[in-house]
Amino acid sequence: MQKYLRAEIGLEIVAYYLNSNLGVEKMTLNIVEKIVKSHLVEGNNINTGIEIGLRIDQTLTQDSTGTMAYLQLEAMEISRVKTKRSVAYIDHNTLQTGFENADDHKYIETVAAKHGVYFSKPGNGICHQVNLERFAVPGETLLGSDSHTPTAGGMGMLAMGAGGLDVAVAMAGGPYYLTMPKVVKVELAGKLQPWVSAKDVILHLLKELGVKGGVGKIFEYAGEGVKNLSVPERATITNMGAELGATTSIFPSDEETLRFLKAQGRETEWVSLQADENANYHEIVSINLSELEPLVAQPHSPDNVVPLTNIKNLKVDQVAMGSCTNSSYTDLMRVAAILKGKKVHPEVSLVISPGSKQVLQMMADNGALGDLISAGARILECTCGPCIGMGQAPANNAVSVRTFNRNFEGRSGTKTAKVYLASPETAAAAAITGYLTDPRTLGEMVNIDYPERFTIDDSMIIKPPEDPSTVEVVRGPNIKPVPKAKPLGKNINGKVLLMVGDNITTDHIMPSDAKLLPFRSNIPKLAEYCFAPVDEDFPRRAMENKGGFIIGGDNYGQGSSREHAALAPLYLGIKGIIAKSFARIHKANLINFGILPLTFERPEDMEDISINDNLYAQDVHSMVLNGKGILVNETKGVNISVILDITPRQKEILLAGGLLNFTTMSK
Ligand code: MIC
Ligand code: SF4
């Protein structure tokens, strides 16, 4: 039985399409269902809301989540990864202000060689950009220990971000389990106008749907407008779909995908991938590309989006270009064309981090790099850099216009900085004029496309040896063991140690900046800064009380995939988070490390809780098995009904005290 509902959400009319039978036997499939069907490891049902186990073809890790992932892989005692391809990238922690980052790099390099993982050296580029160029394959699955793994959806890959432990399990040949999301069709019509960019498409969606508008959903792009977007443009859109809270986003694989793969010398990896005619979707969102205008996300959230023309006379201090969202060859060539023959405004610092060695090499060879340098740009390494606060922290109260994907408070390294997210075109205009400027005022736009053939040189990607027996895994003193949860006790009790509001990000829970990133392999040290942007005293209180509870609002744990946002609370003894709702990856990470992700049955119960109240649950095992239970607020003498909305498999994981215990127990 099918039921149609119609609702206005401010975009255009959206048709909600509730389909009670999305089993694999059905004849018409959308792209997501096709890939899911061909990778389904368990069961034959792909109905929304059902837990599915997917075979993972490829994995990626980056260095700030990678050390934990490989320590966990080692704990599984697997000699060689079982995926078609696994790649370890070094792109986040490259400042090397002490021995820690370099030690981590050495560990990842050697552990990768030992286990059959390709190693992308520091300087070769940002994982998502390099992956798109060299490894993404339409129709395959990719699991990455980074929330922007969906970038490869621009190539028609089902690419998802996850915690390092889930990625380690996938490397070991285990399925990736997730609850089958709803599939939203994003119907594109028309063509972007000059100076309007792929970034404006995703900013438009963020404006309409918000940072939790995509939770439990996959966005599948379709319609006539698709052919007017190049693969790098599609990748910008799928990349920043992560900011919607979506599980992933995906484009069809078509003639344009083939053209891109050909230019990368990989045309043999192309397959056509289209939704069947009359394929079903749960919702349809329509966007006319021709009607979009330049947009900007204001501080401090990627969904705080307004038309650029709404902001008048905003003086800009810093412009930062790059990140996995906007550092492709075409993005930076467009910037070089805009800056050619001009100078960066005297009061603006322009920093550019190219997405990959391929991008930088080609721009060096064709002279565009010279145009950027002559304009006054500061050229940084091909890494994440300022996006994750690794250098280039703005001045106090400075306005920074960035082509990145996240502008959470303090993420730049400066709490008082005001970070605006915009397209490379808008950022280039600001760099020249010194003010946030509509790029359409710059005159005629130069048409930029990628060439028939990119410069291909994979010499910074090290192939693992066939025989790894002589490889010695090198572990520096910064690499500390992964904390392990104990099997769940019969009852739990503890104080409410912290109460926070809606949309708390993993950058709040476990901040990352140039000071802290070197300690990603050292949880005891990192835990000292847990929740530092919200309450610096939290770690001390947690230690003193031997752990306790955290109360959160909606979308708790949005943002990064870093499992450190679960590991540090675990180390501090946190037993449960009681929130209004959770972000997908963080909820999975909490379960993987044995922390209860509880939601309020009645959100108003939150008012019955204050800081330092003592909470108690008598039979936690029943709570886990029944998916609900009662927490007694002993201080106030009231009962709080809580829900544990998890799958049967996750119940077992929680009872075992986390996924590592569960995996080793079921061996
Ligand atoms: C981010 O953009 O926040 C990061 C840094 O890439 C994270 C991963 C991490 O915390 O190491 C992500 O997006 O998953
Ligand atoms: Fe790196 Fe920034 Fe992309 Fe995260 S969002 S992977 S820090 S470039």
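Residues numbered from 1 in each chain as written. Chains lettered and ligands numbered in written order. Predicted model: local features only at pLDDT ≥ 70, side-chain atom pairs only at ≥ 80, totals over all residues. Heavy atoms only, no water.

**Q** I keep staring at the pairing of strand 23 (residues 492–499) and nothing clicks. Help me out?
**A** For a regular strand, side-chain orientation follows a simple rule: the groups alternate between the two sheet faces. Two elements, strand 23 and strand 27 (residues 614–617), share four bridges in a ladder whose sense is antiparallel. Across the sheet, residue K495 finds its bridge partner in strand 27, namely N614. (Pairing = 2+ DSSP bridges. Helix = DSSP H or I, 4+ residues; strand = E, 2+ residues; numbered from the N terminus.)

**Q** Could you clarify how one ought to interpret the packing of helix 7 (residues 231–240) against helix 8 (residues 255–263) in this entry?
**A** Each pair of packed helices can be described by the angle between their axes along with the distance between the axes. At a minimum axis separation of 9 Å, helix 7 and helix 8 run at an interaxial angle of 110°. The orientation of helix 7 with respect to helix 8, classified from their angle, is roughly perpendicular. From helix 7, V231, P232 and R234 reach across to helix 8, where they touch E256, T257 and F260. Considering only residue class, the contact of helix 7 with helix 8 consists of three nonpolar, one polar and two charged. (Axes fitted to C-alpha atoms, helices over the stretch in contact; angles between N-to-C directions. Parallel < 35°, antiparallel > 145°, perpendicular 65-115°, else oblique. Contact = heavy atoms within 4.5 Å. Nonpolar A, V, L, I, M, F, W, Y, C, P; charged D, E, K, R; others polar.)

**Q** Is there a simple way to explain the nonpolar core in this structure?
**A** For soluble globular proteins, the rule of thumb is that nonpolar side chains tend to be buried together. Residues F531, F538 and Y556 are the most contacted members of the largest nonpolar core, which totals 106 residues. Looking at which element gives the most residues to this core, the answer is helix 5 (residues 164–171), with six residues. Not counting residues up to four positions away in its chain, the partners in contact with F538 are L497, L498, C530, F531, I550, L572 and I574. Counting residues in each nonpolar core, the second largest holds 61 residues, with Y89, A152, M155 and M362 among its members. (Core = buried A, V, L, I, M, F, W, Y, C linked by side-chain atoms within 4.5 Å. Buried < 20%, exposed > 50% of the residue type's maximum accessible area, 1.4 Å probe, protein only.)

**Q** What exactly am I supposed to notice about the packing of aromatic side chains here?
**A** Aromatic rings considered in pairs are described by the distance between their centres and by the relative angle of their planes. Considering all chains together, one arrives at eight aromatic pairs under this definition. A ring pair is formed by Y221 and F251, whose centres lie 4.5 Å apart and whose planes are at 5°; its orientation type is stacked. Taken together, the residues span a long stretch of sequence, with Y221 in strand 12 (residues 217–222) and F251 in the loop between strand 13 (248–250) and helix 8 at a distance of 30 residues. Relative accessible area serves as the criterion here: at 0%, Y221 is assigned to the buried category. Seen in terms of ring centroids, Y329 and F454 are 6.1 Å apart; in terms of plane orientation they differ by 85°. Their pairing is edge-to-face. Taken together, the residues Y329 in helix 9 (residues 329–339) and F454 in the loop between helix 12 (424–433) and strand 22 (461–462) connect sequence positions 125 residues apart. According to the relative accessible area criterion, Y329 is buried, its value standing at 10%. Overall, F454 belongs to the buried group, its relative accessible area being 5%. An aromatic cluster of at least three residues, connected via ring pairs, comprises F260, Y329, Y450 and F454. Between R85 and the ring centre of Y118, over which it is positioned, the NZ or CZ distance is 4.8 Å. In this structure, K525 packs its charged tip against the face of F519, placed 5.3 Å from the ring centre. (Phe/Tyr/Trp six-rings, centres within 6.5 Å; stacked < 30°, edge-to-face > 60°. Lys NZ or Arg CZ within 6 Å of the ring centre and 35° of its normal.)

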